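These are the residues of each chain, in order.
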Amino acid sequence: MIKFPFAQWLPFVNPVNFDFHCHSIVSDGLLPPEAVAQRAAANGVDLWALTDHDDLGGLAVARAAAAEVGIGFVNGVEISIEWKEIPIHIVGLGFDAADPVLGAGLDELRNGRIERAKRMGAALEAIGIPGVYEGALCFVTNPSLVSRAHFARYLVSIGIARDVPGVFQNYLSPGKPGYVDHRWATLADAVGWIHGAGGVAVVAHPGRYKMSGGDMRKFLDDFKDLGGQGIEVTCGSHSPDHMLHFARLARRYALHASRGSDFHGLIESYADLGKLPPLPEDLKPVWRLLR
């Protein structure tokens, strides 16, 4: 079990409304960490994790802001990996943010993001849309982390698409002209970094991955074998059918269930912070591992 100080909440409190997946301007969110904390509190969240992509830079501010508004806080991160050539995200929870191995691994991932962004800009220029890399940088608040979301916001701003989902659908998803392959961390890397820092590894939004049922089971076999302990069952991008399906898989693999909005900002999110259905009552919530 993980002990303090990596999970900042009273150990005898059972959270009613926890949200363990959201983003700030440290990665590709639209609000600073303190504003995300304030929104979480306003929406009735009682236990919260900030999970910026491949970066821990917002955690100290988020922790202080959570204390100020009176909600519990857990260190979080969303790590970009690749499993059998499929991009997947792994959320880490309750780890030591000062762990040097985790920090070095995330540094390497962010460096790779910059190189990928330049190649994305070149790919879009090749189809007649010049200057997208430079334009995307205008939407970046953390110069070490340039994401597809920043590209999408720029393309919307110049009228290439009506909204961010439209950009992803037509330009930035696998097989589309602005998408480029990239070597991310491995599943073993991500789970190892999280565990080495004293945290819990969770599969993020599993309903978003283009996997067959057989591939998902193979992935979860590997995840469990490496020490993975959780899976997002209730998620902003999950349909009711997704929630039922991944609840069944959580039971089958004896995984603890997580709940996360994947909030980025009001205009770009599947769901608002804390505004999600509850987990099925028979599942073990992942916060139990953080006591």
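Because the structure is a prediction, the values reported are computed rather than measured.

Visitor: Give me the lowdown on the nonpolar core, citing residues and values where you can.
Guide: In terms of nonpolar packing, the biggest core is built from 68 residues, with Phe20, Trp48, Ile79, Ile90 and Phe219 touching the most fellow members. Sort the elements by how many residues they give to this core and strand 4 (residues 72-83) lands first, with six residues. When residues no more than four places from it in sequence are discounted, the contact partners of Ile90 are Val77, Glu78, Ile79, Ile81, Leu187, Ala190, Ile194, Ala201, Val202, Val203, Phe219 and Phe223. Counting residues in each nonpolar core, the second largest holds 20 residues, with Ala123, Ile129, Val140 and Val146 among its members.

Visitor: Describe the packing of aromatic side chains, and please don't skip the residues or the numbers.
Guide: Throughout the structure, instances matching the rule amount to four aromatic pairs. Aromatic ring contacts, followed pair by pair, group Trp83, Phe219 and Phe223 into a single cluster.

Visitor: Kindly report on the pattern of salt bridges, identifying the contributing residues and their values.
Guide: A full pass over the atoms with the stated rule returns eight salt bridges. Each of Asp55, Asp107 and Arg110 takes part in one network of salt bridges that share partners.

Visitor: How would you summarise the side chain of Asp99 if you had to cite specific residues and measurements?
Guide: Structurally, the position occupied by Asp99 is in the loop between strand 5 (86-93) and helix 3 (100-126). A polar side-chain atom of Asp99 sits 2.9 Å from the main-chain amide nitrogen of Leu102. Those residues in contact with Asp99, other than ones at most four positions away along the chain, are Gly196 and Ala197.

Visitor: An account of unusual backbone geometry is requested, with residue identities and associated values reported.
Guide: Even without glycine at this site, Asp54 takes up a positive phi of about 55 degrees. One non-glycine residue, Ala254, lies in positive phi territory at about 55 degrees. When you line up the elements, Ala254 lands in the loop between helix 9 (240-252) and strand 8 (256-260).

How each quantity is defined
- Residues numbered from 1 in each chain as written.
- Predicted model: local features only at pLDDT ≥ 70, side-chain atom pairs only at ≥ 80, totals over all residues.
- Heavy atoms only, no water.
- Core = buried A, V, L, I, M, F, W, Y, C linked by side-chain atoms within 4.5 Å.
- Buried < 20%, exposed > 50% of the residue type's maximum accessible area, 1.4 Å probe, protein only.
- Helix = DSSP H or I, 4+ residues; strand = E, 2+ residues; numbered from the N terminus.
- Contact = heavy atoms within 4.5 Å.
- Phe/Tyr/Trp six-rings, centres within 6.5 Å; stacked < 30°, edge-to-face > 60°.
- Salt bridge = Lys/Arg side-chain N within 4 Å of Asp/Glu carboxyl O.
- Polar contact = N/O pair within 3.5 Å; in protein donor to acceptor, adjacent residues only side chain to side chain.

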